[in-house]
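# Structural features, examined
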Amino acid sequence: MRTLNDIRSTFLSYFARNGHEVVDSSPLVPRNDPTLMFANSGMVQFKNLFTGVETRDYSRATTAQKCVRAGGKHNDLDNVGYTARHHTFFEMLGNFSFGDYFKSDAIPFAWEMVTRELGIPKDKLLVTVYKSDDEAAEIWKKVAGLTDDRIIRIGDKPDGGSDNFWQMGPTGPCGPCTEIFYDHGEKFWGGPPGSPEEDGDRFIEIWNLVFMQFEQFEDGSRRDLEAQSIDTGMGIERVAALLQGTNDNYATDLMRSLIEASADATSTDPDGPGKTHHRVIADHLRSTSFLLADGVMPSNDGRGYVLRRIMRRAMRHAHLLGAKDPLMHRLVPALVRQMGAAYPELGRAQALIEETLKLEETRFKQTLDRGLKLLDDELADLPEGAELPGAAAFKLYDTYGFPLDLTQDALREKGRAVDTDGFDAAMAEQKAKARAAWSGTGEAADAAVWYDVADAHGATDFLGYDTETAEGQIAALIVDGAQAEQAGEGTSVQIALNQTPFYAESGGQVGDTGLIRTETGLARVSDTKKTAGVFVHIAEVTEGTVSQGQAATLEVDHTRRSMIRANHSATHLLHEALRGALGDHVAQRGSLNAPDRLRFDFSHGKALAADELSRVEGEVNQFIRQNSAVDTRIMTPDDARAMGAQALFGEKYGDEVRVVSMGQAPTGKGANKQTYSIELCGGTHVARTGDIGAFVLLGDSASSAGVRRIEALTGQAALAHLRDQDQRLGDVAAALKAQPSDVPARVRALLDERKALANEVAQLRRDLAMSGGAGKAGEEAAAREVNGVPFLAQVLSGVSGKDLPALIDEHKSRLESGVVLLIADTGGKAAVAAGVTGDLTGRVSAVDLVRAAVAELGGKGGGGRPDMAQGGGADAANAEAAIKAAETVLEG
Ligand code: SER
């Protein structure tokens, strides 16, 4: 039997032998196409090669491309499980020529592949060509020997579309095509292409060869491409079916093995009454697993919501099979066995896929029963065949987590539909209420405009965990607070797009900066913020004009983002190191992750000791050197906490949280402590801890009561800081004429010396003053009698006011009984002090003496005790008069 895996490798190796580069499938989330939700054909990753915008070092390629058609324009979800060929996930085999070969080679390649390599009998095949494409018809005749009745010309459809003219979308590369059909024989109903019965099951298209020769523009015009190219797409599941003697894709080896895994796990018959459920499960297992492997996570918006819808649809079918416990995650190993070799990303993400499916199913099971009961109750009250009211479908959506298509799927089995207008009206009403509640919170009025944008375009899809460049479509432009059609050079503008790699400021991480480029202009983004789920790119148009609706290339400033990432991951390590060093009371109180530094505020009552700081710094660096992978998962807040995740105190978390783990701690502190740091976090992080480079603590300070603040540097900034410190030390060493290592001892010795000198100077000054001032060293000042009291008065230079009390005391003890008045001339100004020995304070007060002197010295006041008082004035030249005034007081 030709297995599906055989067919894939036969196809790729045939084209490899014929000079084609075997290129890996691109991820399901297209990076280069803003209008597309998921890759839906092989040519998506080559779009820019056809138009000549991009060139690569090969001009022939072949791929097996992962495709998802669910959500958006090509939505096959509703039919999956009920038909033989609808899938949400499928693989497209293709060969491509970028300006290399054209029709006359593409057709022979295809014919040889189909008839010789795959061995499909020639007489079972027929082809279609575009109605005016005589050239293609001639080549078919010549190469395949097909008669005219087996070369069917197909033209434009009455609705303006065309069957044999392929366009990737309203714009982009396009051209006429030729399709190969397989006739499954008379036992199936149906007619050849172009006939009224063409939609039957007999004639099945297996391969589409597109002759890319035009580019289509928005205004309906087309241009000839410089180079003529080839894009082909073969549905591997259909080819496998016919080679395995069936026309049911679900009967092929790969799909069958998944169906049997589903039947085994539920102990049910794969072909019994639950047949449809198994088919839905097999298909949805593929799309959900591949989407998860490509980084899409279930959410309530955008791609994540499409994933959630598929998951929940599968889960309802598992429930209908009677599965009591979550089922989907148990089927993942069967899928990895089948497809893991061709798509290694599946094996790499296996644990994540299983965990996410299990979580989603466990949670959904909690409301599924009650939701289905509500649905039954509603239906019981409805007349035969009536639609389910929109309000009921909305309640199922809002309260029980039933996506609309899940409700529709459940009703389909009962031959009923949903009043979708009513559902939309209920949804609009809820949004209006949310908005009214929001306006009541008094946030800035200009945010209102973003609620309009969110209503019209939905939330922005954030791609920035996986990529720093992507394409997006401009959903809205805001200039001066109002929506604008376009913004010209020099305009400050706020830009919203359907998707973006720019991180919007939150959780302490600053917003990204970078460039937004369209065909007509360039805008420089200086910050990114988030309002109402819309990412607001704050920008200035620096070239040309940017317009609403335009496709744009988005480029995050890579260097800056790398620095922010390093700081954010280092903050997580720092948090854990602080808990280790100080205790479990350490909880985050705030943080800043900027490109140039990080700041972390945490609860702790006192300053960190030097050894605590160095222990923390050392531990963070130890985990940086460990260079372990940083792991990100989505889970419920409760599961995250049970796992030991650090959450922000008082923060409100949604149904799901992102959990970022890093570091392996071999000496774990608790049951779940094998992983060093586990935090709830929506930020962007390094891939491995080693990417942080280095970590340097700048110090710790008080932020507010009971909260400490640490600032630190990482990577290049940390090294630059160390270099700078080193440079300063070198300068000090040079000034001291010492080695850097001797600097501390030398500085200590200098300080000791300085202290000794200071003491010596003070003593010398005292000696000098006692002897009557500069120039009279050695002579003792003498007291004279005034009013029967020994009175010693001196004017001193070279001493300061604060030296006077000690001098007064010394004179007093020498005199034993008497009055002392000292005036220090401190460069024009004067300080004065008076002292009276204890036996005389009854007769005269030092305060009165000082006041009299101060008045003469041009000062005011003066004060102290009766035995000692001080004061000062601006005029030292009047010192003699001041002495005279004091003498007069003494004279009484
Ligand atoms: N782009 C064409 C298709 O999707 C051929 O690959 O059918």
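Residues numbered from 1 in each chain as written. Predicted model: local features only at pLDDT ≥ 70, side-chain atom pairs only at ≥ 80, totals over all residues. Heavy atoms only, no water.

### Quick word on the overall build of the protein
A tally of regular secondary structure across the protein gives 23 helices and 32 strands. Expected size for 892 residues packed as a compact globule is a radius of gyration near 29 Å; at 43 Å, the protein overshoots this value by more than 25%. Reported as C-alpha extents along the three principal axes, the dimensions of the protein are approximately 150 × 65 × 55 Å. The 892 residues of the protein split such that 52% are buried. (Helix = DSSP H or I, 4+ residues; strand = E, 2+ residues; numbered from the N terminus. Rg over C-alpha atoms; globule rule 2.2 N^0.38 Å. Buried < 20%, exposed > 50% of the residue type's maximum accessible area, 1.4 Å probe, protein only.)

### Here we look at the environment of Arg153
In this structure, Arg153 sits in strand β5 (residues 151-154). Given the relative accessible area of 40%, Arg153 is considered partly exposed. Along the backbone, Arg153 and Thr178 are 25 residues apart, and their C-alpha atoms lie at a distance of 9.2 Å. Among residues more than four places away in sequence, those in contact with Arg153 are Val129, Tyr130, Lys131, Ser132, Asp133, Asp134 and Ala137. (Contact = heavy atoms within 4.5 Å.)

### Quick notes on the UniProt feature "binding site: Zn(2+)" (unreviewed entry) in the protein
According to UniProt, the positions carrying the feature "binding site: Zn(2+)" (unreviewed entry) are His568, His572, Cys681 and His685. A stretch of 118 residues holds the annotated residues, and the largest C-alpha distance among them is 9.9 Å, short enough that they meet in one place. Within the secondary structure, His568 is located in helix α16 (residues 558-582). Contacts of His568, omitting those with residues within four sequence positions, involve Gly507, Gln509, Asn593, Cys681, Gly683, Thr684 and His685. With respect to the secondary-structure elements, Cys681 resides in the loop between β24 (675-680) and β25 (695-704). Residues in contact with Cys681, not counting those within four places in the same chain, are His568, His572, Arg658 and Val660. (UniProt positions renumbered as here; feature names shortened; annotations may be inferred.)

### Concerning the site of the ligand
In the neighbourhood of the ligand, the contacting residues comprise Ser41, Met43, Met92, Trp166, Asn208, Val210, Asp231, Thr232 and Gly233. A distance of 3.1 Å is found between an oxygen atom of the ligand and a side-chain nitrogen or oxygen belonging to Asn208. Burial of the ligand by the protein chains amounts to 93% of its free accessible area of 230 Å². For the shell around the ligand, the secondary-structure elements that each account for two or more residues are β8 (203-216) and β9 (222-235). A total of three residues in the shell around the ligand trace back to one element, the largest contributor, which is β9. Taken together, the residues of the shell around the ligand break down into four nonpolar, four polar and one charged. (Near = heavy atom within 4 Å. Polar contact = N/O pair within 3.5 Å; in protein donor to acceptor, adjacent residues only side chain to side chain. Areas by Shrake-Rupley, 256 points an atom, 1.4 Å probe, with all protein chains shown as cover. Nonpolar A, V, L, I, M, F, W, Y, C, P; charged D, E, K, R; others polar.)

### Here we look at the confidence of the model for the protein
Caution is warranted with low-pLDDT regions, since their predicted coordinates should not be read in detail. Within the protein, residue pLDDT values average 89, and 94% of them lie at 70 or more. Residue range residues 668-672 is modelled with pLDDT below 50. Its contacts to residues more than four positions away, or to other chains, number seven contacts. Confidence drops under pLDDT 50 across residues 774-779; counting only partners more than four residues distant or on other chains, this segment forms nine contacts. (pLDDT = per-residue confidence, 0-100.)

### A short note on the sheet that holds strand β29 (residues 819-826)
A sheet is described by the order of its strands in space; here six strands give the open sequence β27-β28-β29-β30-β32-β31, paired in mixed fashion. For this open sheet the edge positions go to β27 (784-786) and β31 (863-865), each flanked by a neighbour on one side alone. For this sheet, the mean angle separating the axes of adjacent strands, direction not counted, is 20 degrees. Taken together, the seven bridges between strand β28 (residues 789-797) and β29 define a ladder with parallel strand orientation. The residue of β29 that forms the bridge with Gln794 is Leu822. (Pairing = 2+ DSSP bridges. Axes fitted to C-alpha atoms, helices over the stretch in contact; angles between N-to-C directions.)

### Some remarks on the sheet that holds strand β21 (residues 598-603)
As summarised here, the arrangement of the four strands in space is β20-β21-β26-β25, forming an open sheet in which the pairing is antiparallel. Of all the strands in the sheet, the pair left with one neighbour each is β20 (588-593) and β25. Neighbouring strand axes in the sheet, compared pairwise and without regard to direction, differ in orientation by 15 degrees on average. Across six bridges, β21 lies against strand β26 (residues 707-714) in antiparallel orientation. In the strand pairing of β26, Ser603 is matched with Val707.

### So, the pairing of strand β32 (residues 868-873)
Across six bridges, strand β30 (residues 829-836) lies against β32 in antiparallel orientation. Across the sheet, the residue bridging to Gly835 is Met868, located in β32. The sheet contact formed by β31 and β32 spans three bridges and is antiparallel. Considered in β32, the bridge of Arg865 is made with Met868.

### Digging into the pattern of salt bridges
Applying the stated criterion across every chain yields a total of 47 salt bridges. Two residues, Asp134 and Arg153, come together in a salt bridge whose shortest N-O distance is 2.8 Å. Of the two residues, Asp134 is situated in helix α4 (residues 134-144) and Arg153 in strand β5; the sequence distance between them amounts to 19 residues. Judged by relative accessible area, which is 45%, Asp134 ranks as partly exposed. For Arg223, the salt bridge is made with Glu215, and the minimal N-O distance between the two is 2.8 Å. Given a relative accessible area of 24%, Arg223 falls into the partly exposed group. Judged by relative accessible area, Glu215 falls into the buried class, the value being 15%. (Salt bridge = Lys/Arg side-chain N within 4 Å of Asp/Glu carboxyl O.)

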